[in-house]
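# Observations on the three-dimensional arrangement
Chain residues, written in single-letter form:
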Number of protein chains: 2
Amino acid sequence: MKLYETLAADIAASIYSGVLRAGEKLPSVREATAHRGVSASTVFQAYYLLEAQGLVRARDRSGYYVAHGARALPPEADTPSQPTEDAASVTINDLVFEVLESTMRRDVVQLGSAFPSPLLFPHDRLSQSISSATRHLDPLTILDELAPGHTGLRRQIALRYLASGVHVDTDDIVITNGALEALNLCLGVMTQPGDKILIETPTFYAALQALETHHLEAVEVPTHPREGIQLDALEQAIKRHQPKACCLMTTFQNPLGSLMSDEKKQALVELLTRYNIPLIEDDVYNELYFDSHRPALTKRFDNSGIVMHCSSFSKTLAPGYRIGWVVAERYTRAITRRKLTTTLACPIPTQIAIAHYLEKGGYDKHLRHLRKTLQTQQTQFAQAIGHYFPPGTRATRPKGGYFLWVELPLNANALHIHQHALSLGISVAPGPIFSAKQSFQNCLRLNYGHSWDDRTEAAVATLGKLSAMGA
Amino acid sequence: MKLYETLAADIAASIYSGVLRAGEKLPSVREATAHRGVSASTVFQAYYLLEAQGLVRARDRSGYYVAHGARALPPEADTPSQPTEDAASVTINDLVFEVLESTMRRDVVQLGSAFPSPLLFPHDRLSQSISSATRHLDPLTILDELAPGHTGLRRQIALRYLASGVHVDTDDIVITNGALEALNLCLGVMTQPGDKILIETPTFYAALQALETHHLEAVEVPTHPREGIQLDALEQAIKRHQPKACCLMTTFQNPLGSLMSDEKKQALVELLTRYNIPLIEDDVYNELYFDSHRPALTKRFDNSGIVMHCSSFSKTLAPGYRIGWVVAERYTRAITRRKLTTTLACPIPTQIAIAHYLEKGGYDKHLRHLRKTLQTQQTQFAQAIGHYFPPGTRATRPKGGYFLWVELPLNANALHIHQHALSLGISVAPGPIFSAKQSFQNCLRLNYGHSWDDRTEAAVATLGKLSAMGA
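Quick caveat: nothing in here was measured; it's all calculated off a predicted structure.

### Examining the overall build of chain A
- Along its length, chain A carries 16 helices and 17 strands.
- Taken over C-alpha atoms, the radius of gyration comes to 23 Å for chain A, in line with the 23 Å a tight globule of 471 residues would show.
- By principal-axis analysis of the C-alpha atoms, chain A measures approximately 65 × 50 × 45 Å.
- Counting every position in chain A, which comprises 471 residues, the buried fraction comes to 65%.
- For chain A, the exposed surface amounts to about 17,500 Å²; the carbon and sulfur share of it is 50%.
- Taking the average place of the 46 positive charges on the side chains of chain A and the average place of its 46 negative ones, the gap between the two points comes to 4 Å.

### Quick word on the sheet that holds strand E16 (residues 429-430) of chain B
All names here are of chain B.
- Spatial ordering of the open sheet is given by E13-E14-E17-E16, a layout of 4 strands whose pairing is antiparallel. Lying at the two open borders of the sheet, with one neighbouring strand each, are strand E13 (394-395) and E16.
- Two strands pair when backbone bridges link them, and E13 and strand E14 (residues 403-407) are joined in this way by 2 bridges, in the antiparallel orientation. Looking at the pairing, alanine 395 lines up with valine 406 of E14.

### Quick notes on the relation of the copies chain B and chain A
- With an RMSD of 0.1 Å, chain B superimposes on chain A once it is rotated by 180° and translated 0.0 Å along the axis. In symmetry terms, the pair is related by a two-fold rotation axis. Among all residues of chain B, the minimum C-alpha distance to the rotation axis is found for serine 131 of chain B, at 2.3 Å.
- When you check the interface residues of chain B against chain A, 100% turn up at the interface there too, and the contact is symmetric in its surfaces.

### Section: the packing of aromatic side chains
- Applying the stated rule across the entire model yields 28 aromatic pairs over all chains.
- Taking the centre distance of 4.9 Å and the plane angle of 50° together, the rings of phenylalanine 313 of chain A and tryptophan 325 of chain A count as tilted. With a gap of 12 residues between them, phenylalanine 313 of chain A in the loop between strand E11 (307-312) and strand E12 (324-327) and tryptophan 325 of chain A in strand E12 connect regions that are remote in the sequence.
- Since its relative accessible area comes to 2%, phenylalanine 313 of chain A is described here as buried.
- Note on tyrosine 357 of chain B and tyrosine 363 of chain B: the rings are 6.3 Å apart at their centroids and 75° apart in plane angle, and the pair reads as edge-to-face.
- According to the relative accessible area criterion, tyrosine 357 of chain B is buried, its value standing at 1%.

### Some details on the pattern of salt bridges
- Evaluation of the coordinates by the stated rule reveals 36 salt bridges over all chains.
- Across the pair arginine 106 of chain B and aspartate 144 of chain A runs a salt bridge whose closest N-O atoms are separated by 2.5 Å. Highlighted residues: arginine 106 of chain B in the loop between helix H4 (94-102) and strand E4 (109-110) and aspartate 144 of chain A in helix H6 (residues 141-144), drawn from two different chains.
- For arginine 106 of chain B, a relative accessible area of 42% gives the class partly exposed.
- Across the pair glutamate 287 of chain A and arginine 294 of chain A runs a salt bridge whose closest N-O atoms are separated by 3.4 Å.
- Among the residues examined, glutamate 287 of chain A registers a relative accessible area of 9% and is labelled buried.
- For arginine 294 of chain A, a relative accessible area of 24% corresponds to the partly exposed category.

### Brief notes about the interface of chain B and chain A
- Counting from both sides, the interface comprises 54 residues of chain B and, opposite them, 55 residues of chain A.
- Counting the surface chain B buries against chain A, the share from its top three residues, Met104, Arg106 and Leu143 of chain B, is 13%.
- Taken together, chain B and chain A are joined by 8 salt bridges.
- Counting across the interface, chain B meets chain A through 27 residue pairs in polar contact (both at pLDDT 80 or more).
- Elements with a minimum of two residues in the side of chain B that touches chain A: H4, helix H5 (123-135), helix H6 (141-144), helix H8 (178-190), helix H9 (205-213), helix H12 (332-342) and helix H13 (348-360) of chain B.
- Split into classes, the residues belonging to the side of chain B that touches chain A amount to 25 nonpolar, 18 polar and 11 charged.

### Examining the sheet that holds strand E16 (residues 429-430) of chain A
- Across the sheet, which stays open at both edges, the 4 strands sit in the order E13-E14-E17-E16 (chain A) with antiparallel pairing between neighbours. Lying at the two open borders of the sheet, with one neighbouring strand each, are strand E13 (394-395) and E16 of chain A.

### Observations regarding helix H1 (residues 3-16) of chain B
All names here are of chain B.
- Compared with an ideal rise of 1.5 Å per residue, which puts 14 residues at 20 Å, H1 spans 20 Å between its outermost C-alpha atoms and is within 8% of the ideal.
- Turning to H1, its buried residues number three or more, namely Tyr4, Glu5, Leu7, Ala8, Ile11, Ala12, Ile15 and Tyr16.
- In this structure, the buried residues of H1 make contact with helix H2 (29-36), helix H3 (40-52), strand E1 (56-59), strand E2 (63-66) and helix H14 (363-388).

### Concerning the UniProt feature "domain: HTH gntR-type" (unreviewed entry) in chain A
- UniProt annotation of "domain: HTH gntR-type" (unreviewed entry) refers to residues 1-69 of chain A when read in the numbering used here.
- Between the first and last C-alpha atoms of residues 1-69 of chain A the distance is 26 Å; the span itself is 51% helix and 12% strand.

### Quick notes on the pairing of strand E17 (residues 443-447) of chain A
All names here are of chain A.
- Judged by how many residues are buried, E17 sits mostly within the fold: 5 of 5 residues are covered.
- The two faces of E17 match: Cys443, Arg445 and Asn447 on one face and Leu444 and Leu446 on the other face are all buried.
- Relative to E17, strand E14 (residues 403-407) runs antiparallel, the two sharing 5 bridges. Among the inter-strand pairings, leucine 404 is bridged to a residue of E17, identified as leucine 446.
- In this structure, E16 lies alongside E17, joined through 2 bridges in antiparallel fashion. By the bridge assignment for E17, proline 430 is matched with leucine 444.

### Structural notes on the nonpolar core
- By size, the foremost hydrophobic cluster in this structure holds 224 residues, and its most contacted members are Leu111, Phe313, Ile354 and Leu463 of chain A together with Phe313, Ile354 and Leu463 of chain B.
- Setting aside residues no more than four positions away along its own chain, leucine 463 of chain B makes contact with Leu111, Phe389, Ile417, Ala421, Ile426, Val428 and Leu446 of chain B.

Basis of the calculations
- Residues numbered from 1 in each chain as written.
- Chains lettered and ligands numbered in written order.
- Predicted model: local features only at pLDDT ≥ 70, side-chain atom pairs only at ≥ 80, totals over all residues.
- Heavy atoms only, no water.
- Helix = DSSP H or I, 4+ residues; strand = E, 2+ residues; numbered from the N terminus.
- Rg over C-alpha atoms; globule rule 2.2 N^0.38 Å.
- Buried < 20%, exposed > 50% of the residue type's maximum accessible area, 1.4 Å probe, protein only.
- Areas by Shrake-Rupley, 256 points an atom, 1.4 Å probe, with all protein chains shown as cover.
- Lys, Arg positive; Asp, Glu negative; His and termini not counted.
- Charge placed at Lys NZ, Arg CZ, Asp CG, Glu CD.
- Pairing = 2+ DSSP bridges.
- Least-squares fit on C-alpha atoms with pLDDT ≥ 70 in both.
- Contact = heavy atoms within 4.5 Å.
- Phe/Tyr/Trp six-rings, centres within 6.5 Å; stacked < 30°, edge-to-face > 60°.
- Salt bridge = Lys/Arg side-chain N within 4 Å of Asp/Glu carboxyl O.
- Buried area = accessible area lost by both parts, 1.4 Å probe.
- Polar contact = N/O pair within 3.5 Å; in protein donor to acceptor, adjacent residues only side chain to side chain.
- Nonpolar A, V, L, I, M, F, W, Y, C, P; charged D, E, K, R; others polar.
- Expected span 1.5 Å × (residues − 1).
- UniProt positions renumbered as here; feature names shortened; annotations may be inferred.
- Core = buried A, V, L, I, M, F, W, Y, C linked by side-chain atoms within 4.5 Å.

Have a look at this one:
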């Protein structure tokens, strides 16, 4: 973290904790320079950053003030989950689909959606890419590159791994219909009905559905809302259950937003390598980090090819294009063949469009803008939760992604809140859909990937009221 | 069939059987008019049709002659298959993948491919459609239409059903990643591991792979190479095995090219309705008919919603777009939900491109041209088989699609021919990959969907030699 970022974070913490309140004046640049022992330009940079985050506002000739909207954050959620230790078969009830189907309605405020706002993405540039790429397409490409997918796109993806310090062979990448198909292909290749799989709890409901589709049993492992899965509990579960694989999200986990540190990721990979348990990682948010450095990929620590790294462009660039992939290494052939027998291939036009876009450049610039937008929106949502939700509410403070995990007082019933809210035109994702055992009855996942406006604020206020009622 | 078509078919039969030989003169228009009792214009139309099919050639002021390339066809294959009656679990061996993977190589003559030549499709028009449609896309569509898919496209598909005399609700259509995903979704929704499924034999290997993926058992039912599955045997198999569903191709079956008559389709649907067995139909070739009328869809006879009609644009319009669908009716919700949990959605750009293309018109014109091309190529391939293959060879004469099923003398070994041919840069699809029990050791499926040229003729000649050797 740079000096000005540290300074900005300190001031933000004062605002979030309520020490500095809306309307109050920040120290002048001269004062801050003197007290902090930093240069004036560092102070200016920090204040600009805070302004960009919507936390402070400059008034002409008078200095910086805490913005009117700046409110204290709720206390941070920091207790690990405590699942029972037994394995469970998975049955997804209608609830997940109710939530999922509500995200397809424009009349609903999308706090329960798994997707960021489609308005955040460079549609015009992508449209230019798809036009140009399809116009120059050699038709025979259609047959050449059924599976594992378009070579040009796979090379561009390999280049992005390289830029993040990981060498991946183009030939080890299989293009899939989003990370979801990648996850399903991995399970299809590695498991037989009845096998046990280790997962975080809470975990993304799509992972639970994939376990159900493949007739697998889930073993839920305690997970910390900030730091991710607990390694000692993971090792115990491995010893007890002899699982076939581990399905995790180590970076900005859905729904918690937890981030395992680089050191912890390394320890995770070493642990799984020791027991020879493959890690099927759904890692679609790793480009959406708010700190100055990209979190390490688990793949960086993987010397024996146990990490099946699944990702996509659906959350970062092109949600409607359904382009995902898996770095499958020793499983590449098996994954390719399973793809050939289930969906055969991904469409060529969308693959060559993304390849064209990546080649032309501009993705990193788009990502920088997207990260800033999401970070600002996180602050806006978190402050509103602090303001509108009942005392005793806690929330995560993820360093990336676009989900907040909200722990309500224990008497709150997330399922009732979900139903009540939906009848009022607001979707939320209730805690129980993130667990094979329908735990987390008092929790909600809120999506801050849609822009903050009056309608959204009213929706959060309504949720706060419903939560206070226990709904 | 119109009068001129009947006359043309009669003359073609004389050529195919060797009565009329290459270089011989056809009756003059005056003679034919007198002998046949038809008008001169009918004779002209018949001769034009034969010329378009490459069977005859006009010489200035001298009349029509049997074309140099016109050769006798091999005798027609017309013995039904005779599988054993027991059910079998399905294990797909490497052979299918070997064949499939060889179709991705440009250096190989693609007689074993499951795809027609990509050069047969209107890429420029499609590229214009995808450019225009993505340029005008409302980004929020991405979330609205995850599954069951883009409403505009589903409406266009419903309109095509209407044009073929079948009413289908837009809301009963689920867009899929090709017909292959549709087939897999249907099996996923309707079956549990261990269930039995009735199939034709020979059958498309992708159906066998889908049974394997879902841990199902195959019951193979005798099938006639011209007329399709035998209904009496089908009824016996239903009584004996209590299957969960039937997976068939009633129109230009892959690999036989068999076509069930409209009456037989009606009887099939009535039979399955009586026993309440769903029919999962993979019907991707029904637009590729050579006669003047489109064969009836089984859906036309389906009053109780037992037909799950799976189809796609992959074989008729846009092979690289991976747009298929299923008319799921009472299973629509279950199919939609399974789609949401396995691949989530199909890409928006390819869906709106196809919808745009269909709206603008031109599909029917493209299809008329495609059908003529395929029919001409069938004749060219069949004649070459008649010419180069050993005595005792029989072949189907499909009325549509782009596959010929070739029965070699019993001592021929299709697997050896496949391996030997591949080493010479020629792919074929050997009979055993079309059977759960690796039957059809002396059969080959040849694809005539690629243009006829010297390289192809040389490849067919080589296959003829290998077949004569028994390879």
